[in-house]
Every structure is written in structure tokens, then in C-alpha cells.
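# An overview of the molecular structure
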Amino acid sequence: MRAFNPLLCRSLVRHRAFNKTAASLCRFSTSSNLQQQAARDQIDGQDTARRIEPLGLARIIQSHIKAHGPMTLPRYIAFCLSHPTLGYYTRLRQAETSAVIGRKGDFVTSPEISQIFGELIAVWLLNQWQTQGSPARTRLVELGPGTGTLMQDILRTFSSIKTFASTLEEVHLVETSQYMIGLQREKLQQLIEALGVKLHWHDRLDGIAPDPQVFTMAIAHEFFDALPVMLFEKLEDGLREVYVDFTDKEEASATFHLALSPSPTFTSTMYSTQERFAKLPTGTRIELCPDALLIAAQLAKLVSAHPTDTAPTPLIEAKLKAGGAALIIDYGDDHYFSDSLRGFRKHEVVDCFTDPGNTDLTANVDFSWIRESIQPYATCSRTQTQRSFLLALGLGLRLERLLQTATDDRAEQMIASAERLVDTSGMGKQYKVVAITSKQNAEEPFPFSLGEVETH
């Protein structure tokens, strides 16, 4: 059996409260709506073209552009991912082509790679519950639950901590795909019944009301990267929006491409007045995600139990007692990106115009952008790599425990999976983590208080 890399076994757990929770883990069993369409100006200029066959959703997008003019990038992304019948996440898929997440699909997420990932997320949430006084009533929220694997691992972990399990009242899943809801229901039903909690689905986060009497825990794993982004280019007179157009409009096949608006739009004018964009060098392109700002603020209000329709004030904050905690885990960094929008098809990175409706689209997350939206309502931690986060939470300890009862073949798989989660050339460095806690908690939560953790 291949030996496990020693660096994973060097746990960085330093707090007594956390040590107690982590030790308990070792006993666990194995196992937007579409964006408003901007003004339809005549479009001029174009980027390098890409050829696609106008079948299915591609033909619908072409027809829309013919009828209404060039399409905003958020609208194109929303068509590709959320079209009612042909969108990547909403289409009705046949059984033999149903997998979109996992080795048989187009991409693999951390929860699908190793159960340890979900278990350590659960441990962090449990630690926050203890740190904030072990409230008697709790609920759990996940944005974009995918196949339900992450939630399954979290609930399985929760069920092993009886003192906490008795406090859990509800699980809320934010999901728009009926197909995915079916997968989630099937995967979670047994655990939900065993825990005796209520399971709810929502198509929007604001469908879950803040509750000052309940400790709210939330997780958004690879959620923000799927939100539609806008693309702008800095010119001498300000920002210009970049749209989607196509050439050969009378041909049987067409070439989708990005095209620059020849004149300012309402949206580009609005952003041009903001200081952070006014200083951009001419020629710079920048991806912005307005939905990310809105949802991040909603998540902060949910965690802090802040009323959704009021601005933050000292009087309101003084009345918020239940508290809460949330994690955002995604690829990105603390700066803007210019050209991160891309597609994933059969585990390969492809052009964003490849086979619309059958290709996942994703863009890097600007954590500095969403942090600005969170801070008026809750405390937002610094950004930490997934590698540092998982190692600090005791990934090595948990893996050692699982290896004790694993066969040689299974042990090889488990070691490889754990190493993939923290690989500095992949997930370990590309994925970042930030924590949201209620404002009553002034101290940065563990392990973010450690900063970036390097192990050798």
C-alpha cells in the first residue's frame, strides 16, 4: 500500500473546543432570475470567432439575437444553464445521460472525491455552534446542493453528535432544477427521517426568512461560480459592455463571438462612476457579477438574522442574538478577473460557446467583491486556500482513522482522493474559502485566524 504523504498527518488543530469536536469525528462511520437585458445598441467590433453547430439551444439563441439584437453575456449564460427545457441544469435528461457531476459527467466536485471533505465542513459548523454558545435551535442551509452528496456527509456527521442532532430542526436547499431536487430527495430522505427534521426546497435564497431565534448554518460550495457574469472593457470615456453576437446569420451554421458596444449602456455608465473601476487601465476587461453581491448580502443577513428589508443599525444589531455561521467555497481570489469565463465538458476546459446547453459554464469568483456586500451585515473572514483550511481542520487525522479499516486497494483510493483535495497544483490552491459569522463574534474564526498555513 502506498504511504500517505506525511504533511497531511500534521494536524494544525490548536483550540480545545475544536480538538474535542475533531476527536469525535474520528469515531464516525465511513461512509436569478435572468439579468435585465441592457439597451440594445448597434454592436461593433468582435473577438476571435468560434464555430458551433446551431442545434437545439444554439438555434434558439441565434433566433433571439436575430429578433432582438446582440445578447448580454448574463442572458447568454442564463440561457445555457437555466433554459426551462434545454438548460444544462434544468433539462430533462435520460437515465443514460443524466450524470453531470461525477466521473461520468462533465466535472467532479470535492464532496464527490472524498467523504472527508463534507465531514470537515460539518466539524467547522459544529465548532461554530459550540463557540457561539451551543444554541438550542439550529437549521442548515445549502445553496446549490448538486447531487446532495455534501449535505449527506454533513448530516451523517451531525447525526453522530447527539447533543447537537437534537437541536437541528430544518434543512433548507436552494435549488432550481427539478431533476437535481429528485436526486437530492432520494439521497437525503433516509437521514432526514432518522434525524426527524423538516426538509425544504427553495428556488431563491430570499425564500428563507431570517430568524433571530434559530442558529443558522449555511454552505455555498461551487455556487457563486455558476452565477452569470457581465463583461466590460475600459475605454478612454469609461466602461463599455461586451455582448454576445453571431456572424453568418443566414447560414446553416453560425459563429458566436463577443462584441463590444459602440456606446455606453445604462449598466456600463453606472459602474463607470465607481472609484474601483475608474482607475482601471484603458483596454482592461473585467468580469462583474451583480447577482453575487445580492446573494452574498442575503446570506449575510440570514446568518446574522438581520431583517431583510432594513439597513444595518446599532439598534438592530444589538437585538440579533441567535447568531450563525456560513462558508463560501469556490475557485477565485481577492481580485477581479478579465477572462475566466469558460466551459467544462467531459472533464475538459472548453470555450464558453461550445455546445450551449450541454456544457457547464463557470467563472472565477472575486471574493473582494462579495466581501464588500457581506460586511455591512456580518463579519467576513480573510480568504484561505482549501488546502490550508482542510489541513488545519484535521484532514490527516481523519484519513488515518479511515485507513485503519480499509483494504489495500481502497486505501490507495482514499489516499489519492485526500491528496487531490489539497494538491497545490489543483484544488488545494485554486479553491478558496471564506467564513461569514454574525457581528457579535468579533474574532476571526478558526482556522482563518491562522492565515495561510504552509506544511512541508
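Residues numbered from 1 in each chain as written. Predicted model: local features only at pLDDT ≥ 70, side-chain atom pairs only at ≥ 80, totals over all residues. Heavy atoms only, no water.

With an unreviewed UniProt entry as reference, the protein chain is termed Protein arginine methyltransferase NDUFAF7, source organism Mixia osmundae. Recorded under Catalytic activity (unreviewed entry), the UniProt text for the protein chain is reproduced unchanged: "L-arginyl-[protein] + 2 S-adenosyl-L-methionine = N(omega),N(omega)'-dimethyl-L-arginyl-[protein] + 2 S-adenosyl-L-homocysteine + 2 H(+)". What UniProt states about the protein chain under its Function (unreviewed entry) heading is, verbatim, "Arginine methyltransferase involved in the assembly or stability of mitochondrial NADH:ubiquinone oxidoreductase complex (complex I)." (UniProt positions renumbered as here; feature names shortened; annotations may be inferred.)

Ile61, Leu73, Tyr76, Leu143, Leu205, Phe224 and Ile328 are the most contacted members of the largest nonpolar core, which has 65 residues in total. Per element, the largest residue contribution to this core is eight residues, and it comes from helix α11 (residues 290-304). No fewer than three residues from each of domain 1 (55-77 + 230-281) and domain 2 (87-228 + 289-310 + 319-447) sit in this core. Apart from the residues within four sequence positions on either side, Leu205 is in contact with Val141, Leu143, Val174, Ile295, Gln298, Leu299 and Leu302. Ranked by size, the runner-up nonpolar core spans 57 residues in total, among them Leu188, Leu195, Leu390 and Leu421. (Core = buried A, V, L, I, M, F, W, Y, C linked by side-chain atoms within 4.5 Å. Buried < 20%, exposed > 50% of the residue type's maximum accessible area, 1.4 Å probe, protein only. Helix = DSSP H or I, 4+ residues; strand = E, 2+ residues; numbered from the N terminus. Domains from an automatic or database assignment. Contact = heavy atoms within 4.5 Å.)

With that settled, consider the sheet that holds strand β12 (residues 342-345). The strand order across the open sheet built from three strands is β13-β12-β14, with neighbouring strands paired in antiparallel fashion. Of all the strands in the sheet, the pair left with one neighbour each is β13 (348-350) and β14 (360-362). Across the sheet, the mean angle separating the axes of adjacent strands is 35° when strand polarity is ignored. Examined bridge by bridge, β12 and β13 share three bridges and lie antiparallel to one another. Among the inter-strand pairings, Arg345 is bridged to a residue of β13, identified as Glu348. (Pairing = 2+ DSSP bridges. Axes fitted to C-alpha atoms, helices over the stretch in contact; angles between N-to-C directions.)

Summarising the element assignment, Gly87 is placed in the loop between α3 (73-82) and α4 (110-113). On the basis of relative accessibility, which here comes to 0%, the residue Gly87 falls in the buried class. Along the chain, Gly87 and Gly357 lie 270 residues apart, while their C-alpha atoms are 4.8 Å from each other.

A word on the packing of helix α5 (residues 115-131) against helix α15 (residues 395-403). In the contact formed by α5 and α15, the axes pass within 11 Å of each other and the chain directions differ by 125°. One way to sum up the angle between α5 and α15 is to call them oblique. The element α5 and its partner α15 pack so that their crossing is right-handed. Here Gln115, Ile116, Glu119 and Leu120 of α5 lie close against α15, whose contacting residues are Leu395, Arg398, Leu399 and Leu402. Class assignment for the residues of the contact of α5 with α15 results in five nonpolar, one polar and two charged. (Parallel < 35°, antiparallel > 145°, perpendicular 65-115°, else oblique. Left-handed = near helix turned anticlockwise from the far one by under 90°. Nonpolar A, V, L, I, M, F, W, Y, C, P; charged D, E, K, R; others polar.)

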